[in-house]
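Remarks on the overall topology
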Amino acid sequence: MRLGEKCTLEVQPSYAYGRRGVPPVIPPNAALQFEVEVIEAERYREPESFADDNPDVARTPDEIAIAYEEKLKKNQMDNENKGFFDRFYFISPFQSQTGERPPWWLNPNITFVIVFAVVAFAFYLVYANGGIHQGYVDEPIDVNPFNK
């Protein structure tokens, strides 16, 4: 195709959304038609080295040192702006460099405390109702309900 040229592409349902479609926008088993126009184009240039594929990455020792110092300063500033509980987790599969935060029900700062409190309360109920016996039993306990 050349600059300014238009064409219509038809996509069969098996390659598009199939039997389900996307109700109410795209009905089931719909063939999709796209009108495509070339607005801008560049000539393909074969990369000469691996570095050509990602030119924004620091390559020389000086560039690497500068990038590292900038990253350290940024992390230090980010940590100064965070509170104690933003930086601390008991157990956290979500702590990452992307800053992804867990949903509140998966946040270990909340769930660990809740689970600990529930288990402690259940233990207290068992103990208070005589479920835990300290000492020796004088006579064997018959647990068979059919002997009565």
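Residues numbered from 1 in each chain as written. Predicted model: local features only at pLDDT ≥ 70, side-chain atom pairs only at ≥ 80, totals over all residues. Heavy atoms only, no water.

1. Quick word on the overall build of the chain
Each helix and strand counted, the chain has 3 helices and 2 strands in total. What you see in the chain, going N to C, is helices and strands ordered as β-β-α-α-α. Relative to its full complement of 148 residues, the chain shows a buried share of 9%. For the chain, long-range pairs separated by at least 24 residues make up 32% of all intrachain contacts whose partners lie at least 6 apart in sequence. Accessible surface, the chain: about 14,200 Å² in total, of which carbon and sulfur atoms supply 58%. (Helix = DSSP H or I, 4+ residues; strand = E, 2+ residues; numbered from the N terminus. Buried < 20%, exposed > 50% of the residue type's maximum accessible area, 1.4 Å probe, protein only. Contact = heavy atoms within 4.5 Å. Areas by Shrake-Rupley, 256 points an atom, 1.4 Å probe, with all protein chains shown as cover.)

2. Some remarks on a nonpolar patch on the surface
Together, Trp104, Trp105, Leu106, Ile110, Ile114 and Val118 make up an exposed nonpolar region whose accessible area comes to about 640 Å². Looking at the secondary structure, you find isoleucine 114 in helix H3 (residues 108-128). Looking at isoleucine 114, the relative accessible area reads 44%, which means it is partly exposed. (Patch = residues over 30% accessible without salt bridge, like charges linked within 9 Å, V, L, I, M, F, W, Y side chains within 5 Å. Salt bridge = Lys/Arg side-chain N within 4 Å of Asp/Glu carboxyl O.)

3. Re the packing of aromatic side chains
Following the criterion strictly, the structure yields 1 aromatic pair and no others. Arranged with centres 6.4 Å apart and planes meeting at 20°, the rings of phenylalanine 112 and phenylalanine 116 form a pair that is stacked. Here phenylalanine 112 and its partner phenylalanine 116 are both found in helix H3, 4 residues apart, which amounts to about one turn of the helix. Given a relative accessible area of 44%, phenylalanine 112 falls into the partly exposed group. The class for phenylalanine 116 is exposed, based on a relative accessible area of 58%. (Phe/Tyr/Trp six-rings, centres within 6.5 Å; stacked < 30°, edge-to-face > 60°.)

Remember, this is a structural readout, not a statement about activity or role.
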